[in-house]
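Coordinate inspection notes
Spelled out, the chains give:
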Amino acid sequence: MAPSQLLVTSAACAATAARHALLPTLAPAVRRLATVASTPVTSTRNHKVVIVGGGSAGLTISHQLLRKGNFSPDDIAVVDPAQWHHYQPGWTLVGGGLKDKTALRRPLASLIDPKLRFYNTELTSFTPDNNTVTLGTGDTLTYDHLIVAPGIKIDYSSIKGLPEALADAHAPVSSIYGYDSCDKTFDTIKALKAGQAIFTQPAGVIKCAGAPQKIMWLALDYWRKAGLYHPSAPSGSAVNITFATGLPVMFGVPKYSAALEKLRQERGVEGLFTHDLVEIDGNTATFVHNGDKVTRKFDLLHATPKMGPHAFVKNSPIANEAGYVDVDDKTLQHKKWKNVWSAGDASSLPTSKTAAAITAQAPVLVGNVLKAIEGKEAQAEYDGYTSCPLLTQYGKVLLAEFKYGGEPKETFGGLLPGMDQATPRRAFYYLKKDFFPWVYYGYMVKGKWGGPKGWIR
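A brief look at the structure comes next. The shown structure was predicted, so the numbers you read here are calculated from the model rather than taken from an experiment.

Structural notes on the sheet that holds strand β15 (residues 276–281)
Here we have three strands laid out as an open sheet, ordered β15-β16-β17, and antiparallel in their pairing. Edge strands, defined here as strands with exactly one partner in the open sheet, are β15 and β17 (292–297). Averaged over all pairs of adjacent strands, the angle between strand axes in this sheet comes to 25 degrees, irrespective of strand direction. Direction of pairing for β15 relative to strand β16 (residues 284–289): antiparallel, over a ladder of five bridges. Note that in β16 the partner of Leu277 across the bridge is Phe287.

Some words on the packing of aromatic side chains
A complete count under the given rule lists 20 aromatic pairs for this structure. On the numbers, 6.3 Å between centres and 55 degrees between planes, the contact of Phe199 with Trp223 is tilted. With Phe199 in strand β12 (residues 195–201) and Trp223 in helix α6 (residues 211–225), this pair connects stretches of sequence that are 24 residues apart. As far as the burial class goes, Phe199 and Trp223 line up, both buried. Taking the centre distance of 5.6 Å and the plane angle of 75 degrees together, the rings of Tyr382 and Tyr404 count as edge-to-face. Residue Tyr382 is located in the loop between α9 (355–373) and β21 (386–393), and its partner Tyr404 is located in the loop between β22 (396–403) and β23 (407–408); the two are separated by 22 residues in the primary sequence.

Describing the pattern of salt bridges
Pairing of side chains with opposite charge becomes possible as their charged atoms draw close. Scanning the model with the defined rule gives 17 salt bridges in all. For Asp326, the salt bridge is made with Lys335, and the minimal N-O distance between the two is 3.5 Å. One salt bridge in this structure joins Lys409 and Asp383, with 2.5 Å as the shortest N-O distance. Linking Lys409 in the loop between β23 and α10 (426–442) with Asp383 in the loop between α9 and β21, this pair joins segments that are 26 residues apart in sequence. On the basis of relative accessibility, which here comes to 35%, the residue Lys409 falls in the partly exposed class.

Structural notes on the pairing of strand β14 (residues 270–273)
Note that strand β13 (residues 239–245) and β14 share four bridges and pair parallel. Residue pairing across strands places Phe243 opposite Gly271, the latter belonging to β14. Since β13 and β14 lie parallel, the crossover through helix α7 (residues 254–266) that links them has a hand, and here it is right-handed.

Some details on the environment of Leu398
Checked against the element boundaries, Leu398 lands in strand β22. Judged by relative accessible area, Leu398 falls into the buried class, the value being 2%. Spatially, the C-alpha atom of Leu398 lies 5.4 Å from that of Ala422, the residues being 24 residues apart in sequence. Leave out the neighbours within four places in its chain, and Leu398 touches Tyr256, Ala259, Leu260, Cys388, Pro389, Leu390, Thr392, Gln421, Ala422 and Pro424.

Side note on the sheet that holds strand β11 (residues 173–174)
Taken together, five strands build an open sheet; the order of strands is β11-β18-β12-β13-β14 and the sheet is parallel. Both edges of this open sheet fall to β11 and β14, since each of them pairs with a single strand only. Where β11 lies against strand β18 (residues 300–302), two bridges are found, and the strand directions are parallel. In the strand pairing of β18, Val173 is matched with Leu301.

Topic: helix α5 (residues 182–191)
When α5 is considered as a whole, its buried residues turn out to be Cys182, Lys184, Thr185, Phe186, Thr188 and Ile189. Next to the buried residues of α5 lie α3 (91–95), α4 (162–167), β11, α6 and β18.

A look at the nonpolar core
One recurring pattern in soluble globular proteins is that nonpolar side chains are buried together. Of all hydrophobic cores here, the largest spans 117 residues; its most connected members are Leu65, Phe199 and Trp223. Setting aside chain neighbours within four positions, we find Leu65 in contact with Val49, Ile51, Phe71, Ile76, Ile147, Val366, Val369 and Leu370.

A look at the packing of helix α2 (residues 56–67) against α9
As a packed pair, α2 and α9 sit with axes 9 Å apart at the nearest point and diverge in direction by 45 degrees. The angle between the axes of α2 and α9 places the two elements in the oblique class. Here α2 and α9 pass one another in a crossing that is right-handed. Touching Ser56, Ala57, Thr60, Ile61, Gln64 and Leu65 of α2 are Ile358, Ala362, Pro363, Leu365, Val366, Val369 and Leu370, all from α9.

A word on unusual backbone geometry
With a phi angle near 50 degrees, Thr274 is a residue other than glycine that sits in the positive phi range. With a relative accessible area of 28%, Thr274 lands in the partly exposed category. Phi angles above zero are rare outside glycine, and Leu332 is one such case at about 70 degrees. Counting through the fold element by element, Leu332 comes out in the loop between α8 (311–314) and β20 (340–342). You can call Leu332 buried: its relative accessible area is 0%.

Here's the deal with the pairing of strand β3 (residues 76–79)
By the alternation rule, side chains of β3 split into Ile76 and Val78 and Ala77 and Val79, which are all buried. Strand direction decides the pairing type here: strand β2 (residues 44–52) and β3, joined by four bridges, are parallel. Residue pairing in the sheet places Val52 in a bridge with Val79 of β3. Assessed by its sense of winding, the connection that carries the chain from β2 through α2 to β3 is right-handed.

Here we look at the environment of Asp155
Position of Asp155 among the secondary structure elements: in strand β10 (residues 153–155). Taking the C-alpha atoms as reference points, Asp155 and Gly308, 153 residues apart in sequence, are found 7.5 Å from one another. Discounting chain neighbours no more than four positions away, the residues touching Asp155 are Pro305, Lys306 and Met307.

About the criteria used
Residues numbered from 1 in each chain as written. Predicted model: local features only at pLDDT ≥ 70, side-chain atom pairs only at ≥ 80, totals over all residues. Heavy atoms only, no water. Pairing = 2+ DSSP bridges. Helix = DSSP H or I, 4+ residues; strand = E, 2+ residues; numbered from the N terminus. Axes fitted to C-alpha atoms, helices over the stretch in contact; angles between N-to-C directions. Phe/Tyr/Trp six-rings, centres within 6.5 Å; stacked < 30°, edge-to-face > 60°. Buried < 20%, exposed > 50% of the residue type's maximum accessible area, 1.4 Å probe, protein only. Salt bridge = Lys/Arg side-chain N within 4 Å of Asp/Glu carboxyl O. Right-handed = clockwise from strand over helix to strand, strands pointing away. Contact = heavy atoms within 4.5 Å. Core = buried A, V, L, I, M, F, W, Y, C linked by side-chain atoms within 4.5 Å. Parallel < 35°, antiparallel > 145°, perpendicular 65-115°, else oblique. Left-handed = near helix turned anticlockwise from the far one by under 90°.

Put into structure tokens, the structure is as follows:
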């Protein structure tokens, strides 16, 4: 039986987002940390591969490369200024009261193999014509191959008044998209006894496009159990719920959008489509809809800010017009500089930006980099696979899996004939809540997990 098949049969399954009690604890006394360039480096240092970013993509790719056995210590360098690495898919579970956010993070240096050279500083510029990058220290690194995977920036200031509202402990405004605010979400859900709750999603690219409604469905279920919301009689409920999205539909993939729209109507949630949140002032939210401003009062607001490429990527020669690293959709190789590659959120790949996507992208990129080192053409191809385990209530998940063009590519339909992953299931809930957080720290960031293809030997 294939590894992906074993997932369903071996535990009511566990899955997709969250650092969790099942996660293996780190043992600092046993595991050595990566070589960290904490003292000033020489003006120029050479590496075979430089990887920009120590997030999900950067860690997964660096360790998959290292495990191939083709590199000596310090041949591969990782550049990232962060002190902590966060399992961000788990912040939805924190917002729903299911996880402790401190359990979902690790010191970044502790996750990097000692054979990798770790530059714990920011990167400021790319000079691909010279095969160099410049660090925040002013020093430069040269490379044979460059892999750019720094993720994207969450722009809280894109919504006027949002940073102030998030920082105000008494304001009923929260967001699961940040470490500092994700636990405030559950506090606001518990505190609301009556009134209007609004959950927003912006137009444009964001991380995990299903997350803004995941937290809404959990909140609805919480209020339902508390007797504050009645799906069959929403107008007579103490709490009223609105989903305000900058998109014209519930989800970008037609199959799953239809299922979620049906759920929205069955549960009596008001839908404000093509409504983009632009300002928060006290208990008033202002949206732009068809060019006009629309205001709504609220007693609870969960806001999803706009997101986009980091300035050091957007303003660089390797970016496309939208600011993302301009790579081929299939090979992940840059369209101009053939020794530059990208994966994850910072890439131009036209697919949903999720950790699951990285499990499919990383083996393709690694295989093609190794081919390029041998002087051969890139052969492996990425088909756009990504996944969104979409919580629809406590105890059930709709498991959306799809590839380029919004075409479903479901893992479990072939294993269990007739299984439709657009139907929320308890087995998928345990995948998201328990298995995926465990496999993320135990295997994925160590280069040992291939998503639907199972473990990488």
